[in-house]
Structures are given as structure tokens and as C-alpha cells.
Amino acid sequence: MNTDDRMTPDDQDTLRALGSALPRVAPPAGMADRISAAAAGEPRAQVIPIQQARSWRRRTVVASLAAAACAAALAVGVTLSVTGTSSPDAPLTASATVVAVQGADSVTGTASLYGADAVGGQVQVALRDVPAPPAGHHYEVWVLEKGSTEMTSVGSFTPTSSDVDLTLPLPNPADYAAVDISVEPNGGPPAHSGTSLAEGKFSA
């Protein structure tokens, strides 16, 4: 089944509207430097269900206006799901090695973009040695477009084992530079917490 078979025209219109209408959030300081310096091996894949799924949201964080931006941010409900570890029918656009942020646990993994330059693109994330999140917290997956300083949340999860595999829809067609997995408080603000578990830099 290809991407068009899975999406109705209304779904495509919704994704295009989300990509242009929602606010964004800035990535954690030093993210680009950390992912450029990191390296890790290729892990195996195994399907793990998502225990939590947050809505799409893009959040803009500007130093003096961060609190106001978060208070005014929109949340649009779009169901996210795990579709397994088989490759989507869309072509592979780019991939990244995902590595633990300095000081974090030794989580490793990969992230692959499929059809990222078209409506209905997906990001497939495979993580290994994922620690349980702190009590009252969960993990969230973000992507960063090239030339931008603002990340977009694409889904959240609470792992049931150390192996996690997710296939998540991308917010809009774009050239994506990086992926980030953050640690977020349950029921907390929609903006990035500033604490990352792991991250990676996409390359064609």
C-alpha cells in the first residue's frame, strides 16, 4: 500500500493546513554541535506500541516572549500510530544515526525519512537501550527543518521495553536537518522542555 492509498484528500488537506498554520519551538542550545560530533552503530528493529500520543503542535520560543508564546500555542489532534519496522512505500529521503546526548544514558538508534519532500511523508525511529523516563515524564520526538531554528513535535511515547520502534507522520513536505528525542513532563507545557535524551543529524 502506498502513501496515497492510506490518505484521503481530506487527510492531505489537513496535513497541508497543519504544516502552514501551527507555531514552532526552538531546539535546545548546542544541539547541532552535539549531533555533529556524535556517532553510533546501526541497531536492530522491533515493534513497540506507543503508550501516549500527543497532538501536532509547532511552538515558537522567542527569548523575552517564550511564556506568552507557550500560553497562546495551538494543539490540533491528529492520531499517531506505530506501523512497524518495515520500510514505507515512499522512497528513503534521508537517514540519521541517533545518539545519546552528553550525560544521558547510552541510548542508540536510527531515524529514517520517507517521502519527506511530499505530503504524507513519514519518519521512522528505531531506538535501543532506551531507559525508563523519570517518574511523571515521557519522551517526545521532534524534527528540525534545514535553515530553521524551530523544531516540530511529531509524536510522544512511554516505552514498555528498552527497544522502541515508531513510524510517525511528518508535519509537511520539507528538507529536514535533524531529529531530537526530548524528556517531557506529563501534562506539562507543549514547548520543548530543553532536556534531550538523544538526537541525530539527517544526511541523504
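Check the entry above for the structure.
Within any chain, residue numbers begin from 1 and follow the written order of that chain's sequence. Per-residue local features of the predicted model are confined to residues with pLDDT of at least 70, and side-chain atom pairs are confined, for both listing and counting, to 80 or more; whole-chain, interface and lining totals are unaffected and use all residues. Each side-chain value is derived from all of the structure's non-hydrogen atoms; neither hydrogens nor water enter the calculation.

Chemist: Please clarify how the overall build of the protein should be interpreted in this entry.
Modeler: In this description a helix means any DSSP run of H or I spanning at least four residues, a strand means any run of E spanning at least two, and both kinds are numbered starting from the N terminus. Each helix and strand counted, the protein has 4 helices and 9 strands in total. For the protein, the α and β elements follow one another from N to C terminus as α-α-α-β-α-β-β-β-β-β-β-β-β. Burial here depends on accessible area, computed with a 1.4 Å probe over protein chains only, as a share of the maximum for the residue type. Under 20% is buried, over 50% is exposed, and the range in between is partly exposed. Every one of the 204 residues in the protein was classed for burial, and the buried ones make up 46%. Here a residue-residue contact requires only that any non-hydrogen atoms of the pair lie within 4.5 Å. Excluding contacts between residues fewer than 6 apart, the proportion of contacts in the protein whose partners are at least 24 apart in sequence is 72%. Calculation of accessible area relied on Shrake-Rupley with a 1.4 Å probe; when residues are assessed, cover is drawn exclusively from the protein chains displayed. For the protein, the computed accessible surface area is about 9300 Å², with 52% contributed by carbon and sulfur atoms.

Chemist: Quick question: what am I supposed to make of the nonpolar core here?
Modeler: Residues grouped as a nonpolar core are buried Ala, Val, Leu, Ile, Met, Phe, Trp, Tyr and Cys residues, joined through side-chain atoms within 4.5 Å. In terms of nonpolar packing, the biggest core is built from 28 residues, with Leu-127, Val-141 and Phe-202 touching the most fellow members. Of all the secondary structure elements, the ones that give two or more residues to this core are strand S2 (92-100), strand S3 (108-114), strand S4 (122-128), strand S5 (137-145), strand S6 (151-157), strand S7 (164-169), strand S8 (176-185) and strand S9 (196-201). The greatest single-element share of this core, amounting to 4 residues, is contributed by S8. The contact partners of Leu-127, leaving out residues within four places of it in the chain, are Val-98, Val-107, Thr-108, Gly-109, Phe-157, Ser-162, Asp-163, Val-164 and Ile-181.

Chemist: Hey, could you run me through the pattern of salt bridges in this one?
Modeler: Where charged atoms from two side chains of opposite charge come close, those side chains can pair. Every case where a carboxyl oxygen of Asp or Glu lies within 4 Å of a side-chain nitrogen of Lys or Arg is listed as a salt bridge. Tallying each qualifying case throughout the model produces 3 salt bridges. In this structure, Arg-128 engages Asp-163 in a salt bridge whose closest nitrogen and oxygen atoms are separated by 3.9 Å. Of this pair, Arg-128 sits in strand S4 while Asp-163 is found in the loop between S6 and S7, placing the two residues 35 residues apart along the sequence. Relative accessible area serves as the criterion here: at 8%, Arg-128 is assigned to the buried category. Through salt bridges with shared partners, a single network forms among Arg-128, Asp-163 and Asp-165.

Chemist: Explain the environment of Trp-142 here, please?
Modeler: The topology assignment puts Trp-142 in strand S5. The exposure class of Trp-142 is buried, given its relative accessible area of 0%. When the C-alpha atoms of Trp-142 and Ser-182 are compared, they prove to be 7.7 Å apart, with 40 residues separating the residues in sequence. Within the local environment of Trp-142, its side chain forms a polar contact with the side chain of Ser-182, the two groups lying 2.7 Å apart. For this analysis, a polar contact is any N or O atom pair within 3.5 Å, provided that within protein one partner can donate a hydrogen and the other can accept it, and provided that sequence-adjacent residues contribute only side-chain to side-chain pairs.

Any link to function would need more than the numbers given here.
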